[in-house]
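# Architecture at a glance
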Amino acid sequence: VLFERETVERWLGHLRVLLSAMVADEACTLAELPLLTELEREQIIHGFNATQAEYPKDTLIHELFEQQAERTPEALAVQYEDERLTYAQLNAKANQLAHWLLGHGAGRGKCVAIVASRGISMLLGKLATLKAGGTYVPVDPEFPQERRLFMLQDCRAKVVLSGGEAAPAEDAAEAGEEDGTYT
């Protein structure tokens, strides 16, 4: 079977909505024609976006993460491409990096630059920085070197984390950072 019955029925419903709208208003442009029924439109716009949840207002995001890691240590916390980490693994790596950051001068009120592509290394750097009490500035390694250097100098990062890319790690030395990088 190429398509499920429900899928074909949904497509037929969309075609009915489209044809009905075309007959109802001949002046309507193609971009203005609806495909969804009112019920489907309502579900997409309001139903799927009803994601508000109550959470403790006096708890920091990394503390909420730690609570989740305690409740479900073996559950999948993050997956990016072929890399997967459970809550326990991500928490352990973040704690290790947070201790490294603290040992290299990061901490409360200190900025950490994270030079990494989107992925687990960026997430890990953010989580570890928050656990260490610092703030972070994400720096895209694809930015031109001049832009990266400006960002590193402007944020006055105490530590520069590199997501494994070779060139951005050199930026720390050129930006005048003496505390080094962690890859």
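Worth saying up front: this structure is predicted, and the values here are computed from it rather than measured.

Bringing the overall build of the chain into the picture now. Across its full length, the chain holds seven helices and six strands. Secondary structure elements of the chain, listed N to C terminal, follow the sequence α-α-α-β-β-α-β-α-β-α-β-α-β. Here the chain, with 183 residues, has 32% of them falling under the buried criterion. Within the chain, contacts between residues separated by at least 24 positions form 54% of all contacts whose residues are at least 6 apart in sequence.

Below, the discussion takes up the packing of helix 4 (residues 87-103) against helix 5 (residues 120-131). Across the interface, helix 4 lies against helix 5 with an axial gap of 8 Å and an inter-helix angle of 60°. In terms of orientation, helix 4 lies oblique with respect to helix 5. Seen along the crossing, helix 4 lies across helix 5 with a hand that is right-handed. Contacts from L90, N91, K93, A94, N95, L97, A98 and L101 in helix 4 reach L123, L124, G125, L127, A128, T129 and K131 in helix 5. Along the lines of polarity and charge, the residues of the contact of helix 4 with helix 5 split into nine nonpolar, four polar and two charged.

A few words on the packing of helix 3 (residues 61-71) against helix 5. In contact at an axis separation of 9 Å, helix 3 and helix 5 are set at 105° when each is read in the N-to-C sense. Taken together, the axes of helix 3 and helix 5 are roughly perpendicular relative to one another. When helix 3 is examined against helix 5, the residues I61, H62, F65 and E66 are found in contact with a partner set consisting of L127, L130 and K131.

This brings us to the layout of surface pockets. Estimated volume of the second largest pocket: approximately 190 Å³. Forming the walls of the second largest pocket are I61, L64, F65, A77, V78, Y87, L90, L123, K126, L127, L130 and Y136. Breaking the lining of the second largest pocket down by element, the ones donating at least two residues are helix 3, strand 1 (76-80), helix 4 and helix 5. With four residues, helix 5 is the largest single contributor of residues to the lining of the second largest pocket. For the lining of the second largest pocket, the per-class residue count stands at 11 nonpolar, no polar and one charged.

Moving on: unusual backbone geometry. Not every positive phi belongs to a glycine, and E81 is a case in point at roughly 55°. Among the structural elements, E81 can be located in the loop between strand 1 and strand 2 (83-86). By relative accessible area, E81 is classed as exposed at 61%. Not every positive phi belongs to a glycine, and R156 is a case in point at roughly 50°.

A word on the packing of aromatic side chains. Counting across every chain of the model gives two aromatic pairs. Each ring, one from F3 and one from W11, has its centre 4.8 Å from the other, and the planes form 70°; the classification is edge-to-face.

Counting residues in hydrophobic clusters, the biggest one holds 23 residues, and the most contacted among them are L90, L97, L101 and L161. Of all elements in the fold, only helix 3, helix 4, strand 3 (111-115), helix 5 and strand 5 (159-162) reach the threshold of two or more residues within this core. Here the element with the most residues in this core is helix 4; it accounts for seven residues. Ranked by size, the runner-up nonpolar core spans nine residues in total, among them V139, M151, L152 and A157.

As a further point, take the pairing of strand 1. With four bridges connecting them, strand 1 and strand 2 associate as antiparallel partners. Across the sheet, Q79 pairs through a bridge with R84, a residue of strand 2. Linking strand 1 back to strand 2 in an antiparallel pair, the connection comprises two residues, with E81 at a positive phi of about 55°.

Relative to the assigned elements, A77 resides in strand 1. Sequence separation between A77 and Y87 is 10 residues, and the spatial gap between their C-alpha atoms is 4.8 Å. When neighbours within four sequence positions are excluded, A77 is seen to be in contact with L85, T86, Y87 and L90.

Quick notes on the rules
Residues numbered from 1 in each chain as written. Predicted model: local features only at pLDDT ≥ 70, side-chain atom pairs only at ≥ 80, totals over all residues. Heavy atoms only, no water. Helix = DSSP H or I, 4+ residues; strand = E, 2+ residues; numbered from the N terminus. Buried < 20%, exposed > 50% of the residue type's maximum accessible area, 1.4 Å probe, protein only. Contact = heavy atoms within 4.5 Å. Axes fitted to C-alpha atoms, helices over the stretch in contact; angles between N-to-C directions. Parallel < 35°, antiparallel > 145°, perpendicular 65-115°, else oblique. Left-handed = near helix turned anticlockwise from the far one by under 90°. Nonpolar A, V, L, I, M, F, W, Y, C, P; charged D, E, K, R; others polar. 1 Å grid on protein atoms, 1.4 Å probe; cavity = no way out; pocket = protein on both sides within 12 Å on 5 of 7 lines; lining within 4 Å. Points joined across faces, edges and corners; volume = space filled by probe spheres on them. Phe/Tyr/Trp six-rings, centres within 6.5 Å; stacked < 30°, edge-to-face > 60°. Core = buried A, V, L, I, M, F, W, Y, C linked by side-chain atoms within 4.5 Å. Pairing = 2+ DSSP bridges.

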